[in-house]
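Descriptive analysis of the structure
Residues per chain are reported as follows:
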Amino acid sequence: MKFEKMFSTIDTHVAGEAYRIVIQSPITFAENNIKKNHEELQVQFENTKNLLLKEPRGHRGMHGCIVLSSVVADFSLLFFTHEGVSNFKCESLIATLTGLLETGNLQQKSSHLYSIETVNGIFELHAEIADGEVIATKLRHSSDLIVENSQDTSLIVIDEERQYALFEKVNEAQEITLENLASLSKWGKEKIRNLVGKGLNITGVILIEQDAEDISRVRSVTFESDGYILRSPGIDSTLAIAKVYQKEVLQNSSIFNSTFKVHKDSNEEFYTISTEAFVTGIHQFIFDQEDPLENGFILA
């Protein structure tokens, strides 16, 4: 057997969403420029990206992150995803920081503050560590989100690139429960199809159900542009709901009962999200050039 490529990864979960952190691979860049490297990654290395996102141990919900050095932050991150999926997610920052700290690939700092360079800017995170385990991570995100109201929905634009349509459950769909998963999936796909038919470039659709007893609690389900249901409440979704409903404190639960909490700073310039990620495995993958499924595959 002749091996052609070897990959080393740290796999992590954040509220049910899977992230594959690539710390060694055949993907290399000549530049130390985050924008140029981002652009190169989007148009090259298709076979390698497919292998990392698909089987073995890959699936439609897997997201890829490549760790690189940085001259302006503790490290930089590049992202790759399945076709049609939003390239950047805030969850990837939390997943990567946790994975690197818990495996010793990033030195702990007494300040507990870590900076990550991305093509979307530099983010600062606070990681609380106990006995070598990251037990909580806080991420600050600008509250400067764009909200546009149309006849039947609110449109929220995050980081000037990701647009979500938000609908309330009232008169729209059944209750957000696992028992109604099939009907909710059908509803989500139809909504996306209708919005795309109207010419809207939609990253996702958010269906929200407010708690009748506690106005600071909501339950939501988010459908990505291909109809895929997020297992997580989603940081983007939580930020969008907090912005539209002007919530200073919001707890957003998903259909799978995972939760994100967001707090608005007193100066009202930032939202703070706190959550915990988990390392689920450290892997070495070897690609055999005789593999008949060299582009990987998605389990049906």
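Residues numbered from 1 in each chain as written. Predicted model: local features only at pLDDT ≥ 70, side-chain atom pairs only at ≥ 80, totals over all residues. Heavy atoms only, no water.

1. Brief notes about the overall build of the protein chain
We count it as follows: Helix and strand assignments come from DSSP, with helices taken as H or I runs of at least 4 residues and strands as E runs of at least 2, each series counted from the N terminus. Atoms counted for the radius of gyration: C-alpha only. Globule rule: 2.2 Å times the number of residues to the power 0.38. To sort residues, take the accessible area from a 1.4 Å probe on protein chains only and compare it with the maximum for the residue type: under 20% means buried, over 50% means exposed, and anything in between is partly exposed. Residues are treated as being in contact if the distance between any of their heavy atoms lies within 4.5 Å. Reported accessibility uses the Shrake-Rupley method at a 1.4 Å probe radius. Residues are deemed covered only where the shown protein chains occlude them. We count Lys and Arg on the positive side and Asp and Glu on the negative side, and we leave His and both chain ends out. Here the site of a charge means atom NZ of a Lys, CZ of an Arg, CG of an Asp or CD of a Glu.
When helices and strands are counted, the protein chain shows five helices and 16 strands. The C-alpha atoms of the protein chain give a radius of gyration of 19 Å, which matches the 19 Å a tight globule of 300 residues would have. Its C-alpha atoms give the protein chain principal-axis dimensions of roughly 60 × 50 × 35 Å. Of all 300 residues assigned to the protein chain, the portion counted as buried reaches 51%. Pairs at least 24 residues apart make up 60% of the contacts formed inside the protein chain by residues separated by at least 6 positions. For the protein chain, the accessible surface area stands at approximately 14600 Å², while carbon and sulfur atoms represent 46% of it. If the 27 positive side-chain charges of the protein chain are averaged to one point and the 44 negative ones to another, these points end up 3 Å apart.

2. Brief notes about the pattern of salt bridges
This is how the line gets drawn: Criterion for a salt bridge: a side-chain nitrogen of Lys or Arg within 4 Å of a carboxyl oxygen of Asp or Glu.
Taken as a whole and judged by the stated rule, the model has 11 salt bridges. Between Arg60 and Asp226 there is a salt bridge; the shortest N-O distance is 2.9 Å. Of this pair, Arg60 sits in the loop between α2 (46–53) and β3 (62–68) while Asp226 sits in the loop between β12 (217–224) and α5 (235–244), and the two are 166 residues apart along the sequence. In this structure, Arg162 engages Asp236 in a salt bridge whose closest nitrogen and oxygen atoms are separated by 2.6 Å. One end of the pair, Arg162, is in strand β10 (residues 162–168); the other, Asp236, is in helix α5, with 74 residues separating them in the sequence. Across this residue pair, the class does not change: Arg162 and Asp236 are buried. Salt bridges linked by common partners bring Arg60, Lys89, Glu224 and Asp226 together as one network.

3. Some remarks on the state of the cysteines
Note the threshold: For the purposes of this analysis, a disulfide is any pair of cysteine sulfur atoms at a distance within 2.5 Å.
Enumeration according to the criterion identifies zero disulfides in this entry. Between Cys65, a cysteine without a disulfide, and Cys90, which holds the nearest cysteine sulfur, the sulfur-to-sulfur distance is 12 Å. Take Cys90: its relative accessible area is 0%, and that puts it in the buried class.

4. Some thoughts on the packing of aromatic side chains
What describes a pair of aromatic rings is the distance from one ring centre to the other and the angle between the planes of the rings. To keep things clear, this is the line we draw: Within 6.5 Å between ring centres, the rings of Phe, Tyr and Trp (the latter by its six-membered ring) count as paired, and their orientation is classed by plane angle as stacked under 30 degrees, edge-to-face over 60, tilted in between. A ring is scored as having a charge over it whenever the NZ atom of a lysine or the CZ atom of an arginine sits within 6 Å of its centre and within 35 degrees of its normal.
Under the counting rule described, the total for this entry stands at five aromatic pairs. The interplanar angle of 90 degrees and the centroid separation of 5.8 Å between the aromatic rings of Phe167 and Trp187 together place this pair among those described as edge-to-face. Residue Phe167 is located in strand β10, and its partner Trp187 is located in helix α4 (residues 181–197); the two are separated by 20 residues in the primary sequence. Judged on exposure class, the residue Phe167 and its partner Trp187 are both buried. An aromatic cluster is built from Phe79, Phe88 and Phe123, whose rings are joined through pairwise contacts. A cation over a ring is seen here: Arg231 above Phe256, with NZ or CZ 4.4 Å from the ring centre.

5. Details of the nonpolar core
To be explicit about the condition: Buried residues of nine kinds, namely Ala, Val, Leu, Ile, Met, Phe, Trp, Tyr and Cys, make up a nonpolar core once their side-chain atoms join them within 4.5 Å.
In terms of nonpolar packing, the biggest core is built from 45 residues, with Leu93, Leu97, Leu101, Leu125 and Ile235 touching the most fellow members. The biggest single contributor to this core is helix α3 (residues 90–102), with seven residues. In this structure Ile235 touches Cys90, Glu91, Ile94, Leu139, Phe260 and Ile273, once residues within four positions along its chain are discounted. Ranked by size, the runner-up nonpolar core spans 16 residues in total, among them Leu51, Leu53, Phe285 and Phe287.

6. What about the pairing of β10?
What counts, and what does not: For two strands to be treated as a pair, DSSP must find no fewer than two bridges joining them.
When you tally the buried positions in β10, you get six out of seven residues, the bulk of the element. When strand β9 (residues 154–158) meets β10, the two strands line up antiparallel, connected through five bridges. If you follow Leu155 over to β10, its bridge partner there is Ala165. Linking β9 to β10, which pair antiparallel, is a turn of three residues; within it Asp159 sits at a positive phi near 55 degrees.

7. Brief notes about the confidence of the model for the protein chain
Note the cut-off: For every residue, the predictor assigns a confidence score, pLDDT, that lies between 0 and 100.
Across the protein chain, pLDDT averages 89, with 93% of residues at or above 70. Mean pLDDT values over the elements of the protein chain span from 85, in α2, up to 97, in strand β5 (residues 113–118).

8. A few points about the environment of Phe287
Among the secondary structure elements, Phe287 is positioned in strand β16 (residues 277–288). Separated by 239 residues in sequence, Phe287 and Thr48 place their C-alpha atoms 9.5 Å apart.

9. What about the environment of Ile206?
Its location among the elements puts Ile206 in strand β11 (residues 204–210). Apart from the residues within four sequence positions on either side, Ile206 is in contact with Tyr164, Ala165, Leu166, Phe167, Ser220, Val221, Thr222, Ser237, Ala240 and Ile241.

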